Each structure stands twice: as C-alpha cells, then as structure tokens.
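For reference, the chains in residue letters:
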Amino acid sequence: EEDSVLVRQKLVKVDPKEEEDFEREMKALMQESLESRKLELRSRPTLNMMIPMNVFEGSKDPRFVEGESGEETVDEEGGNGGQNKVRVKVLMKRGNKQQTKQMYIPRDCSLVHSTKQLEAAEVEE
Amino acid sequence: EETGDENYEFGKGDFTEHACRYCAVQNPACVVRCNIPTCRKWFCNSRGNTSGSHIVNHLVRAKHKEVCLHKDSPLGETILECYNCGCRNVFLLGFISAKTESVVVLLCREPCLNVNALKDMNWDLSQWCPLIDDRCFLPWLVKVPSEQEQLRARQISAQQINKLEELWKTNPDASIEDLEKPGVDDEPQPVSLKYEDAYQYQNVFAPLIKLEADYDKLMKESQSKDNVSVRWDIGLNKKRVAYFVFPKEDNEVRLVPGDELRLRYSGDTAHPAWQSVGHVIKLTAQEEVALELRASQGVPVDVNHGFSVDFVWKSTSFDRMQGAMKTFAVDETSVSGYIYHHLLGHEVEHQVVRNVLPRRFGAPGLPELNASQVFAVKSVLQKPISLIQGPPGTGKTVTSAAIVYHMAKQGQGQVLVCAPSNVAVDQLADKISSTGLKVVRLCAKSREAVMSPVEHLTLHYQVRHLDTSEKSELHKLQQLKDEQGELSSSDEKKFKALKRATEREILQSADVICCTCVGAGDPRLENFRFRQVLVDESTQATEPECLIPLVLGVKQVVLVGDHCQLGPVIMCKKAARAGLAQSLFERLVLLGHKTFRLQVQYRMHPCLSEFPSNSFYEGTLQNGVTVNERQSSGIDFPWPVPNRPMFFYVQMGQEEISASGTSYLNRTEAANVEKIVTTFLRSGVIPSQIGVITPYEGQRAYIVSYMSRNGSLRQQLYKEIEVASVDSFQGREKDYIILSCVRSNEHQGIGFLNDPRRLNVALTRARYGIVILGNPKVLSKQPLWNSLLTHYKEHECLVEGPLNNLKQSMVQFQKPKKIYNSRLFYGGGPAMVH
Ligand SMILES: [Zn+2]
Ligand SMILES: [Zn+2]
Ligand SMILES: [Zn+2]
C-alpha cells in the first residue's frame, strides 16, 4: 500500500515548463503532418474500404474468422472481457491481403456507440 | 498461457531488446517500436514523470512518426498504418468503426477521413478515435504499465529524456548511463583569437568540424521518405531523370543541387526490387527534385508510386577541411611564413609585396572603378594579406575581378579564385572571363549535370568541346559511352586516361581557376600550386573551409566579404557555440587587421540605403545611383510618401507556431503580403522583380500556399515569385522586396530578427522599393528595430489601414531593452533559419 502512495506522488510531478515546451512541439508535429498531407493533392486516394464478407459471416461463427486469418491472437483477458470490454475485429492489410485480428476495447469508448454494435459484439460472446 | 502483467520480471538480468529505452519497462503489451530505420528503439506507454507517455515523448522529441507493435501484443507484430492509403504517420491515424458491425480500422485523418465517398459506406466517420490521445497511445491498444511495473522501472526525468534524445542524434546507441559519463555534456574547446602553432589550431578546429560533420550526417540520413510518387524523364545526356517531391521535413536540412539521393522500389509482382543512386540536378520552387540516376538499366519507368528516397551523405567537404588543417600544420610550404604567422595571430614584421603596379587599376571588359574600388585594388596588390569589406551593392565582384586581372598579369603563375557558394563562383568566373583572361570553372563531379550560367567555362564542357584532332579519340569514346551507356573495360580505362590528360592540359593552360572553397581540395588540383588566391564571400565560410584554397602554396591572399552580413551556416549548436560560425575574416578583423571598405553602393534607391548606411556602416555608404535612376516610372503603387518607395505596414495579427516546431507563421501578414504582391503585379511589375523575404520557414511555406490559393490573378504569376529566407537572399537583389517579420508575441523575444546582420541583409536586397510588415509594439523592444521604426515614422512611412487607403499609424513604441550592442556583429549566433 505504501508503494502505491509513492507512485501517485511521482505521477503528479510534471514540470510545467517542460509540459508547455512539449505541448508546443507536439502541436507543431501534428500541424505539420496535417499540412503536408493537404498539400499532396496528387495522391487523392481512391477508396478501398469494403468490409470483406468473411467478417460478416464470421460474426455468427467466430471460429470462422480465426480459421481464416490463421494467426488470430487472443487477448490476455481471454473470454472474460465481457463486463466492461467489448470484443472488436481490427481489419488490417498485410500486403494486399485483408486480415482481421481481435481486440478488446472499453465499452465506454466512443467507437462503441450504437446498440447494434454492442449486440453484434455480444452475440459473439 | 500468459494471464497478466505479473508474469514479467523487472530489473533482472540483462537488457531486453524490447525494453523501453527510457525506463526499461519490458512488458510486450506495453511497448511499441519506433519504426524509423535509423532508430528502431522500443518505448513504453507510461508517462512516468513527464507530460506524455514515453513513446509519445520519443516521437515528438525525435520527430519520428511511425511505430510497430510487439509480436506478443494483442495485434501481433504490426506496423500501424492507414487501412486505406497506407500512411504510417501515427499523428494522423485513428480508429473508425463500422456502422453496424463490431469491426474497426485505422484510418488517416488527412486525406482519407475526408474523402467524400466514404460517407456513403458502411463506416461511421463521426467517431474517429485518434491513436494518440492525451499524449498517450490508446491504452487499450498499447497498455499502460501497471503502477507496480512503473514503480520498478527506472525513474527518468524530462530533462534526462531531452538530453538522451540529443545524444542519440550523434550516437544512436547511447544509453542513459552514457549521460553520466564524462565528456558527453562537455562543451568543446572554443575557438580563440590567437594560436601557438598550426597544431594547436588543428586541435581546436578538428573536433568542431567533426561535431558538425556528425550532426550533418545524422540529420541528412534521417531524411528517408516512403510512398514517394515519381515522374520519369530522359535528360539531354540520355540519362534517366526522376522527378519527385521531397519536402523539407525538418527545415534544418536543405537539399542543394549536387546532393546524392538513393531512389528505391521494393518491387511488386511485375517488377523486381530496384534501387539506384543519383545526383540532384535541379530543385523547383515547388520543392520538386530532379534526380539524374547513375545507372539507366532496370529502371521501373512504368511505375510511378510507392518509391522510397534516402539521403546519401558524403563526408568529402569535411574531409577536405580536416585535410587542409593537417597540411597547414605539417607542410611548411603550404603557405608562406608570413601568412602562416599572420593567420595564427602572431605579431609579424610588416611586409610589402614588391610588384610593378599597373598604370590604371581598372580592367578591360569591366565597368570603370570608383575611387574606393581603385584604392582597394591598388592596396591589395602590394600586400600579402588583405581584407576587402564589400557592403551590399558596392561592386565586390567587379573589384575582385579587377584584382584577379592584375594578379594574373604579374606572371606569378595561375590565380586561384574561390567562394563558399557555387552561385558566387559562377558570378566571379563570368566577370573575370570578361576581362579576356582564360578562365576555367572547376565543378564537383556531382554537379556536372547541374545547369550553370557559365557552362562554357566549366572544365567538363571544355573537355567535351575542345575540338582538336588529337582529341578525336577521346571524343569517339565519349560518343560511344553516351550512346551505349557504358564502355568495355579496356575502352573505359583508355577513356579515363585520355580524359584525365585532357583535363590537366586545360587546367594548366588557364590563367585563372575558379571553384568553391571545398572544390579547391579536388584531386584534379592535387599537383597544382597557387601563389595568389582570392576568396570571395569569405565571411560566409568557416575557417577550415577557407583554409582549403590557401594551403596550396599561397603567398598573397585576398579575403573579400562583409562581416556585417550573415556568416557561415552551422547546424550543430555545440559547434556554433564554440565559435565555428566565426569566419577567418572576422577573426582577423578582431585581431586588428584593417579592412578596405568599398563605399559606393549601386543597388538601392538612396532612400533605402540611408538607414543601413547609418546603422551598419557608420554612415559611410555613398549612393552611386540617383533617385531618378531608381524611379519606378509607370508603376502605380500606393507609396504613402511619393518619391519615397518604402513603408512599414503595421500588422497586429497573431503569430502561430508552425510546421517544423521551431518555426512560426502569421496569417494576417501572409494575407497582406498577397495583397501587396497582387497590387504590384496589377501595376505592371513582373514576378521576377519581386522577392518576398521572411525569416521563418513556417511563414515561407504558408505564404507560398496562401498566394497560390487566394491570389486573384493567374496562379502561375504567384508561383514565379520567389519567397525565401533572409539567408538565401544574401548576395542577391530584387527590384521590390516585401519583408514579413512574423513575430508578434509581446511576451516573447523576436528570435531570429534579433541578429543585426540578418536585418542588414533583409533591408539591403531591394533596388526600387521595400515594404516591411510587422508588429511595431513587439519589434520596438529591440533597440535596432526601434531605431528602424523611428526612422520610418519620422519619414511618415509608418502606416496602417487598407492598402488603398494607408494612413499614418499612431502606434506607440516600447522602450528598447538595452543599448544596442555592436559586438553582436562578431561571432554572433548560428545563422540558422528556423
Ligand atoms: Zn525513433
Ligand atoms: Zn518507459
Ligand atoms: Zn489514409
């Protein structure tokens, strides 16, 4: 218990000057990143954002997805993420191949907003 | 199966590869790897004692932007990238989820999130969830180490982090323990005025050059860019040229023609992996680079996207500086005894060069010299070392050319003429050649394809066009090589030998050889000796750079420059602090060496030269042009005082931090710059007559994009207008100059505008007229700016309001902080532009 008190004391010690300096550099990096992309007119992207069918199918049978991607990693919370966590599939590309991996995100995360989504996630559990 | 954080043991055993490089936390669920090839360090997602998590701290401080997850993390070994376009900049990435499914993807904020077509799809764009939130990676993607873990980790402070990041720039493998080691924090030995001998000189300068070289290497090699789109072309010499945009990520690194880049393609089903090195032969104002490839074979010319570009750093220039210092020390014949002692600051008996002076000091093909120029030429010819100070527009080049002409006529062998920049060397070569002397301009091999205004004088051109029958063999081989791309090895040998012999012959027959200071160390000049050397722009060269042309046997040296304008650009702050930014010219001035000052300026409207003359040259600058010669007839521009083509346009807009993080921009100033430019263009001024100067790279980029987006005239007109830093305008002129000061924060300094040398350069570029935009309340705190503002106010040229209805401004100035310190001229700070 003494340990945790000590940790909390440490966490509040942030030098305001350092913080301000850091904030400035971070904002700049952000702004620069945005502006550099805005200027790149030539690379207006074409969309390649279709959700692969196996994801829909897999929502009824989670094993299907696991079989498909082959390297599904199970979050360490295992099956008990149910209470305050929601299981989602992360869609990724490796080369040109689509791939899904699963991950747990907090129920109150802005990504989890429609009840439909919640239901979909719960069906899986 | 692993079930929790407790499984990881802390503080035990050796360093684990994926341990956080700050605090040593090594739980795979809590760490990510920086994906920059030169970095690849791991960091955790805990905040420790700092304002951002360790990984975010690193990315921000190192300006790195890509990461990869650990193979044992929930998502496995994954480089985080936009699902749609593959963008890997984590500062742009965030998750979106499908409207009805529990499916999420990473998507970049710009441009993918803003693609209209996406709205109609199955994705919910309203809840884009950034990857980095509250200066921390999403904790459900990269776990925050538990309190337990944090407690057992190393307690690193923000200061230590900053020091470590600084150290990594020169030593990527350094650990936090290295911070404690002696030497790391030590400042290098600073330069001094005098040196015991050339060995001591070398001991001081060699480490500084090493520091600068290391820093340069690191900065440039970290400039790799992926996802570059390429446009292909073929040059006149039949070589492949790739065009692409290589934006300045960090404005400290400036690409120049002759730089070497590597272009890579990782391959696809139809193309094997490919790479080639090439030289930059051109840079456009839009930051497009033209790269001439060394090898034309196997170039994937039907591919246009997905290339990567790396900078290939060369140590040549630094090696030559080190070499020159060594020669200076060990070779007694490298410079005359008099010059040796003089350069080291020893007291030497006065010496006169016994030369027959010419009857007139001008030279054929050059304009008539004025009194101060004649005096300079005459004095220089009789002295072993002379310094000529050439304030803006005073005819430095003409004076230098006249000196070189008379030196060459004295029959003491060939004269070597150098300057740190290629532009200055070209100008000199041109002027000297017009006196009728035989001039050879020696270019670096890497610059042979770069356009030069004096191409006919260059060695490589002369080798190709020397049209005598003896050379026919060389020409035949050259032709063969051009057509086939390469020669058989025996032909190649023959070709090289013939070429070398021809080069030597041409060089030997020249009266004058012109090259950059670094170029004087070219192997092709190895066996040449030069008794007489002139170095122009010598105040923009570091001492070791200036030494390169001198150690070829110099007996008489002329240094031309102006220590009241900007000095050499030093990137490494440590080296700059130690005095590497001080030129040899400046040190000699500090040692009490007298300079000849050219006193008549031929550039500026007399109204424009008044303030610079009084503030920087003790009022000695005379006008060689009249008001009438600088009247902009037919140009209808709303100057507040007719016949006084200058005004200070009061701006109250806010400054913002921009682009590079150390730079600023000011939107209102940019908008007004566009209005002024448009008014000039409407009144009949053409784009090439206008120059926009701003000390900040952030503002430069913003003005360029603002004008092309908002200018009411044809876009092309705005594109042709040069917008650049003060530093890149040094040595040049424009008819009309618009100066945007940017800084407008009452609580902070004015940064780079504080250097009087920079202000001097900015104010002395215009021939016909100048408009300055800035905030008098802020600028007036600085004594020199205060007097500039007062000067404009006294002449009723301090104005505000709309451009078509300018009114005198009643804005109150602040009291200047301290008395103007003229010592700022000497050895002032680094000349970097941020
Ligand atoms: Zn990194
Ligand atoms: Zn850490
Ligand atoms: Zn994208």
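Everything below is about the structure printed above this text.
How each quantity is defined
- All residue numbers refer to positions counted from 1 along the written sequence of the respective chain.
- As they are written, the chains are lettered A onward and the ligands numbered 1 onward, keeping that order.
- Local features in this predicted model are restricted to residues whose pLDDT is 70 or higher, and side-chain atom pairs enter the listing and the counts only when it is 80 or higher, whereas totals over whole chains, interfaces and linings include all residues.
- Values reported for side chains reflect all heavy atoms of the structure, with hydrogen atoms and water molecules removed beforehand.
- Helix and strand assignments come from DSSP, with helices taken as H or I runs of at least 4 residues and strands as E runs of at least 2, each series counted from the N terminus.
- The criterion used for residue contact is that any of the two residues' heavy atoms lie within 4.5 Å.
- Surface accessibility follows the Shrake-Rupley procedure with a 1.4 Å probe radius. Residue values consider only the protein chains on display as shielding.
- Metal sites are built from N, O and S donor atoms within 2.8 Å, or 3.2 Å for Na, K and Ca, and they leave out water, so they may look incomplete.
- Tetrahedral means four donors with every angle between 85 and 135 degrees, whereas square planar (four donors) and octahedral (six donors) require angles over 155 degrees between opposite donors and between 65 and 115 for all others; sites fitting neither are termed irregular.
- By the convention used here, strands pair only if DSSP detects at least 2 bridges between them.
- Where helices are involved, their axes are fitted lines through C-alpha atoms of the stretch in contact, as for all axes, and angles between N-to-C directions lie from 0 to 180°.
- When accessible area is computed with a 1.4 Å probe and restricted to protein chains, residues below 20% of their type maximum are described as buried, those above 50% as exposed, and intermediate ones as partly exposed.
- By salt bridge we mean one thing: a side-chain nitrogen of Lys or Arg within 4 Å of a carboxyl oxygen of Asp or Glu.
- Helices are assigned an expected span. That span is 1.5 Å times one less than the residue count.
- The directions considered for the arc are those from the helix axis to the C-beta atoms.
- Each aromatic pair joins two rings of Phe, Tyr and Trp (for Trp, the six-membered one) with centres within 6.5 Å, and gets the label stacked for planes under 30 degrees apart, edge-to-face for over 60, and tilted for any other angle.

Chemist: Hey, could you go over the overall build of chain B for me, with residue numbers and the actual values?
Modeler: Of the regular secondary structure elements, chain B holds 24 helices and 33 strands. Within chain B, counting contacts between residues at least 6 apart in sequence, those at least 24 apart form 71% of the total. Carbon and sulfur atoms make up 49% of the accessible area of chain B, which amounts to about 34,400 Å² in all.

Chemist: Explain the coordination of the zinc ion (ligand 3) residue by residue, including any values.
Modeler: All names here are of chain B. Looking at the zinc ion (ligand 3), the protein donor atoms are Cys82 (SG), Cys85 (SG), Cys108 (SG) and Cys112 (SG), and they sit 2.2 to 2.3 Å from it. The coordination sphere of the zinc ion (ligand 3) comprises four donor atoms, whose angles at the metal cover 104 to 118°; the geometry is tetrahedral. Of note, the donors binding the zinc ion (ligand 3) are all from one chain and are spaced C-x2-C-x22-C-x3-C. With a gap of 26 residues between them, Cys82 in the loop between strand S3 (67-69) and strand S4 (93-98) and Cys108 in strand S5 (residues 103-108) connect regions that are remote in the sequence.

Chemist: How would you sum up the sheet that holds strand S15 (residues 307-312) of chain B? Please name residues and give values.
Modeler: All names here are of chain B. With respect to topology, seven strands assemble into an open sheet ordered S9-S15-S12-S13-S14-S11-S10, the strand pairing being antiparallel. At either margin of the open sheet sits one strand with a lone partner, and together these are strand S9 (225-228) and strand S10 (231-234). Strand-to-strand twist across the sheet, computed as the mean angle between neighbouring axes with direction ignored, equals 35°. Bridge count for strand S13 (residues 274-283) against strand S14 (residues 288-293) is five bridges, and the pairing is antiparallel. Pairing of Val280 across the sheet is with Leu291, part of S14.

Chemist: For the coordination of the zinc ion (ligand 1), give the residues involved together with the corresponding values.
Modeler: Angles between donor atoms at a metal ideally measure 109.5 degrees for a four-coordinate tetrahedral arrangement and either 90 or 180 degrees for a six-coordinate octahedral one. Residues and elements named next belong to chain B. Only Cys34 (SG), Cys39 (SG), His58 (NE2) and His64 (ND1) from the protein reach the zinc ion (ligand 1) as donors, at distances of 2.0 to 2.3 Å. Coordination at the zinc ion (ligand 1) comes from four donor atoms whose angles at the metal span 103 to 117°, giving a geometry best classed as tetrahedral. A residue is classified by how much of its surface remains accessible, and Cys34, at 0% relative accessible area, is buried.

Chemist: Summarise the sheet that holds strand S17 (residues 415-419) of chain B; cite the residues concerned and give the values.
Modeler: Residues and elements named next belong to chain B. The seven strands are arranged S18-S19-S17-S20-S21-S16-S22 in an open sheet whose pairing can be described as parallel. Only two strands of the sheet have a single neighbouring strand rather than two, namely strand S18 (439-441) and strand S22 (595-597). When the angles between neighbouring strand axes are averaged without regard to direction, this sheet yields 20°. Bridge count between S17 and strand S20 (residues 532-535): four bridges; the pairing is parallel. Considered in S20, the bridge of Leu416 is made with Val533.

Chemist: Can you explain the pattern of salt bridges? Please cite residues and give values.
Modeler: Across all of its chains, the model carries 36 salt bridges over all chains by this definition. Between Glu25 of chain A and Arg61 of chain B there is a salt bridge whose closest N-O contact spans 3.1 Å. Here Glu25 of chain A is found in helix H2 (residues 16-39), whereas its partner Arg61 of chain B is found in helix H1 (residues 54-62) on a different chain. By the burial criterion, Glu25 of chain A is buried, and Arg61 of chain B matches it.

Chemist: How would you sum up helix H12 (residues 472-484) of chain B? Please name residues and give values.
Modeler: Spacing of three or four residues puts side chains on the same side of an α-helix, whose turn is 3.6 residues. All names here are of chain B. Across its 13 residues, H12 extends 18 Å between first and last C-alpha, which sits within 8% of the 18 Å expected from 1.5 Å per residue. Along H12, the residues classified as buried are Leu474, Leu477 and Gln478. For H12, the angular spread of buried residues about the axis comes to 105°, placing them on one side. In H12, the exposed residues that point more than 90 degrees away from the buried face are Lys476, Gln479 and Glu483. Tucked into the core, H12 has its buried residues touching helix H11 (459-465) and helix H13 (489-508).

Chemist: Provide a residue-level description of the environment of Leu141 of chain B, including the pertinent values.
Modeler: With respect to the helices and strands, Leu141 of chain B occurs in the loop between strand S8 (136-137) and helix H2 (147-152). With residues up to four places along the chain from it excluded, the contact list for Leu141 of chain B reads Met103 of chain A together with Leu69, Leu75, Leu80, Phe95 and Leu131 of chain B.

Chemist: Got a sec to walk through the environment of Asn57 of chain B? Specific residues and values, please.
Modeler: Position of Asn57 of chain B relative to the elements: it lies in helix H1. Separated by twelve residues in sequence, Asn57 of chain B and Asn45 of chain B have C-alpha atoms that sit 9.5 Å apart. In contact with Asn57 of chain B, other than residues within four places in its own chain, are Glu18 and Phe22 of chain A together with Tyr22, Thr50, Gly52 and Ile161 of chain B.

Chemist: Break down the packing of aromatic side chains for me, with residues and values.
Modeler: All names here are of chain B. All chains considered together, the criterion is met by 26 aromatic pairs over all chains. Arranged with centres 6.2 Å apart and planes meeting at 50°, the rings of Tyr195 and Phe205 form a pair that is tilted. Here Tyr195 is found in the loop between helix H4 (176-180) and helix H5 (198-221), whereas its partner Phe205 is found in helix H5, with ten residues between them in sequence. With centroids separated by 5.4 Å and ring planes inclined at 50°, the aromatic side chains of Phe328 and Tyr340 adopt a geometry described as tilted. Residue Phe328 is found in helix H6 (residues 316-330), and its partner Tyr340 is found in helix H7 (residues 337-343); the two are separated by twelve residues along the sequence. Classification of Phe328 by relative accessible area gives buried; the value is 2%.

Chemist: Which residues make up the pairing of strand S19 (residues 512-516) of chain B, and what values go with them?
Modeler: Residues and elements named next belong to chain B. Counting buried positions over the five residues of S19 gives five, a clear majority of the element. In this sheet, S19 lies alongside S17 in parallel orientation, the contact comprising five bridges. Residue pairing across strands places Cys418 opposite Cys515, the latter belonging to S19. Judged from the three bridges that link them, S18 and S19 form a sheet pairing that is parallel. Considered in S19, the bridge of Val440 is made with Ile513.

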